[in-house]
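Below, each chain spelled out in residue letters.
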Amino acid sequence: MSAVEKRSVTIRGHRTSYSLEKPFYDDLVAIAAARELTLAALVAEVDETRPRDTNLSSALRLYVLERAKRGTSL
């Protein structure tokens, strides 16, 4: 089991943080690279589209999971 690591990012001019296990973080970085986005841009995209009752960390995990389930290449 991977430990959860807290990370900070600036999106739309404000600082926020999220906590992810290393495998989720590694996949998120790979997805951003494959889409030719910065990690901050991808996090901002997920943040914009998440339901307001879902925290950012959960939304990021679900985003990675959904891509994996669809078989979308990283």
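Higher on the page you've got the structure.
Below is a summary of the structure that appears in this document. What you see is a predicted model, and the numbers here were worked out from it, not measured in a lab.

## What to know about the environment of Val4
Next up, step 1: Looking at where Val4 falls in the secondary structure, it is placed in strand S1 (residues 4-11).
Next up, step 2: Distance in space between the C-alpha atoms of Val4 and Ala41 is 22 Å, their sequence separation being 37 residues.
Next up, step 3: With near-sequence residues (within four places) excluded, Val4 lies in contact with Ser19, Leu20 and Glu21.

## Some remarks on helix H3 (residues 56-70)
Next up, step 1: In this model H3 runs 21 Å from its N-terminal to its C-terminal C-alpha over 15 residues, within 8% of the 21 Å that 1.5 Å per residue would give.
Next up, step 2: Burial in H3 covers these residues: Leu56, Ser57, Ala59, Leu60, Tyr63, Val64 and Arg67.
Next up, step 3: Buried-residue contacts for H3 involve strand S2 (14-21), helix H1 (22-34) and helix H2 (39-49).
Next up, step 4: For H3, the side-chain oxygen to backbone nitrogen distance between the N-cap and Ser57 is 3.1 Å, and the N-cap itself is Asn55.
Next up, step 5: Looking one or two residues beyond H3, the residue adopting positive phi is Gly71, at roughly 75°.

## Observations regarding the nonpolar core
Next up, step 1: In this structure, Tyr18, Leu28, Leu42, Val43 and Leu60 are the most contacted members of the largest nonpolar core, which totals 17 residues.
Next up, step 2: Looking at this core, the elements that each hand over two or more residues are S1, S2, H1, H2 and H3.
Next up, step 3: Of the residues forming this core, the biggest block, five residues, is contributed by H3.
Next up, step 4: Residues contacting Val43, with those up to four places away along its chain left out, are Val9, Ile11, Tyr18, Leu28, Leu56 and Leu60.

## Section: the environment of Asn55
Next up, step 1: Examined against the element boundaries, Asn55 turns out to sit in the loop between H2 and H3.
Next up, step 2: Residues Asn55 and Glu5 lie 50 residues apart in sequence; the distance between their C-alpha atoms is 16 Å.
Next up, step 3: One polar contact links the side chain of Asn55 to the main-chain amide nitrogen of Ser57, over a distance of 3.1 Å.
Next up, step 4: Looking at Asn55, its side chain comes within polar contact range of the main-chain nitrogen of Ser58, at 2.7 Å.

Quick notes on the rules
Sequence order as written defines residue numbering, which begins from 1 separately in each chain. Where local features are concerned, this predicted model is filtered to residues with pLDDT of at least 70; where side-chain atom pairs are given and counted, the filter is 80 or more; whole-chain, interface and lining totals use all residues. As a rule here, side-chain values cover all heavy atoms of the structure and leave hydrogens and water aside. The numbering of helices and of strands both runs from the N terminus, where a helix is a DSSP run of H or I of at least 4 residues and a strand a run of E of at least 2. Throughout, a residue-residue contact means that at least one pair of heavy atoms, one from each residue, lies within 4.5 Å. The span expected for a helix works out to 1.5 Å for each residue beyond the first. For every residue, the accessible area obtained with a 1.4 Å probe (protein chains only) is divided by the maximum for its type, and the residue is called buried under 20%, exposed over 50%, and partly exposed between those limits. Definition of a polar contact: a pair of N or O atoms within 3.5 Å, with one able to donate and the other able to accept a hydrogen when the atoms are protein atoms, and with sequence-neighbouring residues admitted only if both atoms are side-chain atoms. The term nonpolar core refers to a set of buried residues drawn from Ala, Val, Leu, Ile, Met, Phe, Trp, Tyr and Cys, joined through side-chain atoms within 4.5 Å.

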